[in-house]
Every structure is written in structure tokens, then in C-alpha cells.
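# Close look at the chain arrangement
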Amino acid sequence: DCCRMACVNVLWRSRVEQLPKWSQLAKTYFDLDVPMRVRASPSASPSATSSPLAESSFKAAFLDWRAYYSTRYGNIFPRVWKTWTKLENWTRQYMPAIFESLAEGASEDQINSAELTIGATFPAPLRLIYRIHNGQKLKFDSQMDSQDSSHPPCYTSIFLGLFGGYQLYDHLACVRMLPLARLVNYTQQFAEGGRLGSNSIMFAADFHFKKYFLVSSVTGDVVVNTLGGALIPACPVTPTGGPEDGALRWMEHFAEQLHTGVFRAAQLLNTDPNSRGISLFPCFGPGSSEEVTRGVRVQAGALLVPEKSRGTEEAFFCYSIKFSMLSEDEQAVVCPNLAPLKFAQLKSRHWEIVDADNDLTEVRGEAVIGLYPLVKRGQPPFEYQSGTPMKSMPGKMKGDFRFVPGSIESPTGDEFDVLCATFDLAMPEFVI
């Protein structure tokens, strides 16, 4: 009856448009708490072509969003939208260059064309991920495509991968989200070369393809390559008959790690201030530790390096160690009976690495990566990276570093050992 009256009466039409069912539909499918015009991404402005009634009517808002995104994605849409919201907010604040690299979303027709070309169907969550942002547009990619030799390659953009990176000696991995055109191209190339199956879709990779992520068009599960080409799960495997949401769960986890501060924006190359990107060494939580001795703070963070691991038989871990000196006031609190240090120099290192079989490996040596860092009060931390294999997991690692007050050439006191607290070397639930 209300609907009949709405056809002939403006007041009744207004009331129908505010019926609870419209607000429920808007919330269920598009996570709308208030009526609003459709947006192509969380940070985008409302569409200029959407209905002017969308600002005041849940019905108009629902129809507006449905016309743009459809309701084919069901309750997955709110999860994808929230994930992109976290990623946009974090990158806009801490890594604006990454935020600016996010491309406008792909259309349904563009995704249909990509599916047809590679002969594989996008799982619904992956499809919606690309509807909101069609990967990244980075200068290095564009220059390589155009083979433009008139300008030097924009190497700084290789550090702008949305999914972060790390350095280990001369090895750099920084993974970007591939736009559809590259997704199609690289998926086809790797399939033709026998490096992935017909049901696999490559959606993320570093610039040298040392590390890449695939999603299954059948199960939606995400895998990552290891040394020799074997693949291992990058997220918990979807139960039989479960939702094909592996790529979404993987992105949700990554976005949460950024949001909570586990990952940070930092130089990926210690020697290059222009290498700023998302560092995947954990600042806290699993795989990390922190200890203070005599005013010297040691922070450790370890991560699995799948591209240097031999499947699940022998994992390889990279760890980052950061040395810094507390302020004079902080030293007075933790070492009240000792004179505060102004600076101290590292002389040697000692590691104890224990695997799941309780086998102990000890490492002793001078310096760290050939360097004898001088840690000064009020100065930026010194940070270095190294790695170790692990045949049985979970393992753990701890150590100590011999420091000289003052410097090795001009000591001002007795040498002392600075502890590195135990940190875990374990196969993570999610491999990023």
C-alpha cells in the first residue's frame, strides 16, 4: 500500500525511500551507515554522475552504489572497502608516493577481458579488489615499457611496492600490485614458460620477479614462489567449499599490520636515503625483540624470505638489527649506578641459533657485515641486515654484541656485552 501511495504522493514517496529495508540493503551490500553518493574508492570524491537524491535517501544511495558495483559481491564488499580504506589512509599519511601510485579501479568489462585473455576466472574478492584500484602505476614500469632512454630510469619507484620489501646484502625484494595489463602479460608469460598452472593468476611481484604472488582461480588461495620455483601457501588454505577469499584475507592481514604499526615506512637500502618504502621487518610481535644493556638498545625483527627458501624443506630468514643509544635521562633510569655513555663502538658479535630439533648453531666474529658501527647518543640508529637458514621450525635466535665505551681506538672504560633478546624464526601464518 505504501508503494502504491508513493506513486502518486511526494510525501509517501519520501517515506518509502527511508524504509528500513533500504538502509538494511545499503548496510549489507555497501556498508553504508548514512546515505551517500557512490565513490570509486574510499578516498575518491563522490561520482558526479550519481543521483542527486543519494545524499538524503537510502533507496537512492543503494541504487546508486548498485549501479556502479552491482550486488554480485554480497557481503564481501564491506571487507574489501575497509581494507582499501586502511591501505589508503596509511599510505596517504606515511608513504604519499605509494598512495599516489594507486590506479583508478578497473571496470567489469576490463576484468572480463582479462579473464578471457588468460583463460582463468577471477575469484570474486580479487575482482572487487581490482574494481577499486587497478594495481599501481609506477614510473619505472612506464619507462621500461616505452624504452625511454632520454631520461635516466626512475629507480626510486622500485621501492614503492604497495606490499613492501626488504634488503639482504645485494638482494632486494619490493612487491608491487600489478595493474590488469601487467597481470595478463606476466600470467601469460609464466604460464607459457611452465612456471605456473592454468588456474593461477599473478597479481603481485617485484620488478625482477625474484618474488611473486599467485592466486588460484579455483580456490582463491594465495601462494608465493620459493627458490627453484616450488610454491608455498601465503595464507591459510581455504577449507573445501569455503569462500574463495584467500587474496582478501591476505590483504586484510597486510593492511592490519600497517594499521597497527607492525610494519613501518623506512629506507629499504641502508645506504640510500631515496629508497624509502614499506619495510616488512616487524617492529613488534612475532619475530621481533627488544633489549637495553648499559644504555644501548637492540631491536631485532625477522621475516621469512620465501624466494631464498627451498620449499618447506629449508626456510631462509632475514633479520634486521638496530642499535641506538638512550638519552642521558633514559640511561639514568635504566643504569642509575653507572655514568651515562655518550657513544660506544661495536667490536664483535655472538649468535646462538636453535632449531625445532634443539640443534644449536653458534656464530662468533668480528664486526657486523664488516662494519664496526659507532653508536652515539642523540644520533639516528645504526641498522643492518643478515640472514640464516633454518631446516626445522620453529626456531629461535638470540645473541650478544661486545661494545667498547668511547671507541676501539680510544676506549673510555671496560668493554661490555649488549644483549639481543630472543626472537622467533617460524613459518608465518601469512607470508607477505
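Our subject is the structure listed above.
Keep in mind that what you see is a predicted model, and the values were worked out from it rather than measured.

### Focus: the layout of surface pockets
Over the atoms, a rolling probe the size of a water molecule traces out where space has been left empty. There is about 470 Å³ of room inside the largest pocket. Lining the largest pocket are 25 residues, with Pro 286, Ala 302, Leu 303, Pro 428 and Phe 430 positioned closest to its centre. Sorting the residues of the lining of the largest pocket by element identifies helix 11 (246–260), strand 11 (296–304) and strand 18 (416–425) as the ones contributing at least two each. Considering each element in turn, the lining of the largest pocket owes the most residues, three residues, to strand 11. Looking at the lining of the largest pocket residue by residue, the classes come out as 18 nonpolar, four polar and three charged.

### Observations regarding the side chain of Gln 167
Note that Gln 167 resides in strand 1 (residues 165–168). Among the polar contacts made by the side chain of Gln 167, one reaches the main-chain carbonyl oxygen of Tyr 169 at a distance of 3.1 Å. In this structure Gln 167 touches Leu 268, Leu 269, Asn 270, Phe 281, Cys 318 and Gln 385, once residues within four positions along its chain are discounted.

### Notes on the packing of aromatic side chains
Counted under the stated rule, the structure contains 35 aromatic pairs. Aromatic side chains Trp 65 and Phe 77 sit 6.0 Å apart centroid to centroid with 90° between the ring planes, which places their arrangement in the edge-to-face category. Taken together, the residues Trp 65 in helix 4 (residues 58–69) and Phe 77 in helix 5 (residues 76–94) connect sequence positions twelve residues apart. You'll find Trp 65 and Phe 77 in the same group, each marked buried. When the ring of Phe 163 is compared with that of Trp 250, the centres are 4.8 Å apart and the planes differ by 70°; the resulting orientation is edge-to-face. With Phe 163 in the loop between helix 9 (139–146) and strand 1 and Trp 250 in helix 11, the pair connects residues that are 87 residues apart, well separated along the chain.

### Thoughts on a nonpolar patch on the surface
A cluster of nonpolar side chains, Tyr 169, Ile 369 and Leu 371, forms an exposed patch at the surface whose accessible area comes to about 290 Å². Mapped onto the secondary structure, Ile 369 falls in the loop between strand 14 (360–366) and strand 15 (374–376).

### Details of the packing of helix 3 (residues 20–30) against helix 4
Two numbers describe a pair of packed helices, the interaxial angle and the distance between the axes. It is the contact of helix 3 with helix 4, at a shortest axis distance of 8 Å, that shows an interaxial angle of 30°. Here helix 3 lies roughly parallel to helix 4, going by the angle between them. Two packed elements cross with a definite hand, and for helix 3 against helix 4 that hand is left-handed. Of the residues in helix 4, those in contact with Trp 22, Ser 23, Leu 25, Ala 26, Tyr 29 and Phe 30 of helix 3 are Phe 58, Lys 59, Phe 62, Trp 65, Arg 66 and Tyr 69.

### Some details on helix 8 (residues 124–132)
When you tally the buried positions in helix 8, you get eight out of nine residues, the bulk of the element. Listing the buried residues of helix 8 in full gives Pro 125, Leu 126, Arg 127, Leu 128, Ile 129, Tyr 130, Arg 131 and Ile 132.

### What about the environment of Tyr 384?
Counting through the fold element by element, Tyr 384 comes out in strand 16 (residues 382–390). For the pair Tyr 384 and Leu 371, spaced 13 residues apart in sequence, the C-alpha separation works out to 9.5 Å. Apart from residues no more than four positions distant in its own chain, Tyr 384 is found in contact with Asn 270, Tyr 319, Ser 320, Ile 321, Phe 323, Trp 351, Val 368, Ile 369 and Phe 401.

### Here's the deal with the nonpolar core
Core analysis: the largest hydrophobic core is formed by 120 residues, its most contacted members being Tyr 130, Phe 203, Trp 250 and Phe 401. The biggest single contributor to this core is strand 12 (residues 315–325), with eight residues. In contact with Trp 250, other than residues within four places in its own chain, are Phe 163, Phe 203, Phe 213, Val 222, Ala 234, Cys 235, Phe 430, Val 431 and Ile 432.

### Observations regarding the sheet that holds strand 16
In a beta sheet, neighbouring strands pair by backbone hydrogen bonds and run either parallel or antiparallel. Spatial ordering of the open sheet is given by 10-11-12-16, a layout of four strands whose pairing is antiparallel. Only two strands of the sheet have a single partner each, and these edge strands are strand 10 (288–293) and strand 16. Averaged over all pairs of adjacent strands, the angle between strand axes in this sheet comes to 20°, irrespective of strand direction. With nine bridges joining them, strand 11 and strand 12 adopt antiparallel strand pairing.

### Here we look at the sheet that holds strand 5 (residues 212–216)
With antiparallel pairing, five strands are arranged side by side in an open sheet as 3-4-5-6-7. Looking at the sheet topology across the chains shown, the edges are occupied by strand 3 (176–177) and strand 7 (231–233). On the sheet, helix 10 (residues 180–192) packs against strand 3, strand 4 (200–205) and strand 5 and is oriented at approximately 120° with respect to strand 4. Across the sheet, helix 11 lies against strand 4, strand 5 and strand 6 (222–225), angled at about 70° from strand 6, the strand it touches most.

### What to know about the pattern of salt bridges
One pass over the full model with this rule turns up 19 salt bridges. Two residues, Glu 108 and Arg 127, come together in a salt bridge whose shortest N-O distance is 2.8 Å. Taken together, the residues span a long stretch of sequence, with Glu 108 in helix 7 (residues 108–118) and Arg 127 in helix 8 at a distance of 19 residues. Overall, the relative accessible area of 3% leaves Arg 127 in the buried class. For Asp 245, the salt bridge is made with Arg 249, and the minimal N-O distance between the two is 3.0 Å. Counted as one network, the salt bridges with shared partners bring together Lys 27, Asp 31, Asp 33 and Lys 82.

### Examining the environment of Trp 81
By the secondary structure assignment, Trp 81 is in helix 5. Judged by its relative accessible area of 9%, Trp 81 is buried. Apart from residues no more than four positions distant in its own chain, Trp 81 is found in contact with Arg 39, Ala 40, Ser 41, Pro 42, Trp 65, Tyr 69 and Ile 132.

### A closer look at the packing of helix 5 against helix 11
Where helix 5 meets helix 11, the axes come as close as 9 Å, and the angle between the chain directions of the two elements is 35°. Crossing of helix 5 over helix 11 shows left-handed handedness. Along the contact surface, helix 5 presents Ile 76, Arg 79, Val 80, Thr 83, Trp 84, Lys 86, Leu 87 and Trp 90, while helix 11 presents Leu 248, Arg 249, Met 251, Glu 252, Phe 254, Ala 255, Glu 256, Leu 258 and His 259. Taken together, the residues that form the contact of helix 5 with helix 11 break down as ten nonpolar, two polar and five charged.

Analysis parameters
- Think of each chain on its own: its residues are numbered from 1, step by step along the sequence as written.
- Given that this is a predicted model, residues contribute local features only at a pLDDT of at least 70 and side-chain atom pairs are listed and counted only at 80 or more, while totals for whole chains, interfaces and linings are drawn from all residues.
- The basis for the side-chain values is all heavy atoms of the structure; hydrogens and waters are excluded.
- Definitions used for this entry: grid spacing 1 Å over protein atoms alone; cavity, a set of points where a 1.4 Å probe fits but cannot get out; pocket, an open set with protein on both sides within 12 Å along at least 5 of 7 lines; lining residue, one with an atom within 4 Å of a point.
- Grid points are joined across faces, edges and corners, and a volume is the space filled by probe spheres set on the points.
- Helix and strand assignments follow DSSP, with helices taken as H or I runs no shorter than four residues and strands as E runs no shorter than two, numbered in order from the N terminus.
- Residue polarity is assigned by list, with Asp, Glu, Lys and Arg as charged and Ala, Val, Leu, Ile, Met, Phe, Trp, Tyr, Cys and Pro as nonpolar; anything else, Gly included, falls into the polar class.
- Here a polar contact means two N or O atoms within 3.5 Å. Within protein one must be a hydrogen donor candidate and the other an acceptor candidate, and residues neighboring in sequence count only if both atoms are side-chain atoms.
- In this analysis, two residues are considered to be in contact whenever any of their non-hydrogen atoms come within 4.5 Å of each other.
- Note on aromatic contacts: the rings of Phe and Tyr and the six-membered ring of Trp form a pair at centre separations within 6.5 Å, being stacked when their planes are under 30 degrees apart, edge-to-face when over 60 apart, and tilted otherwise.
- Buried residues are those whose accessible area, probed at 1.4 Å on protein chains only, stays under 20% of the maximum for their type, while exposed residues exceed 50% and partly exposed ones sit between those limits.
- The patches reported here contain residues having more than 30% relative accessible area and no salt bridge. Joining distances are 9 Å for like charges and 5 Å for nonpolar side chains (Val, Leu, Ile, Met, Phe, Trp, Tyr).
- In short, Shrake-Rupley with a 1.4 Å probe defines the accessible areas, and a residue's cover is counted only from the protein chains shown.
- Every case where a carboxyl oxygen of Asp or Glu lies within 4 Å of a side-chain nitrogen of Lys or Arg is listed as a salt bridge.
- Under this scheme, a helix contributes an axis fitted over its contacting stretch, all axes are lines through C-alpha atoms, and angles between N-to-C directions fall in the 0 to 180 degree range.
- Roughly parallel means an angle under 35 degrees; roughly antiparallel, over 145; roughly perpendicular, 65 to 115; everything else is oblique.
- In a left-handed crossing the near helix is turned counterclockwise from the far helix by less than a right angle, and in a right-handed crossing that turn is clockwise.
- Think of a nonpolar core as a cluster: buried Ala, Val, Leu, Ile, Met, Phe, Trp, Tyr and Cys residues, connected wherever their side-chain atoms sit within 4.5 Å.
- One requirement defines pairing of two strands: DSSP has to find at least two bridges between them.

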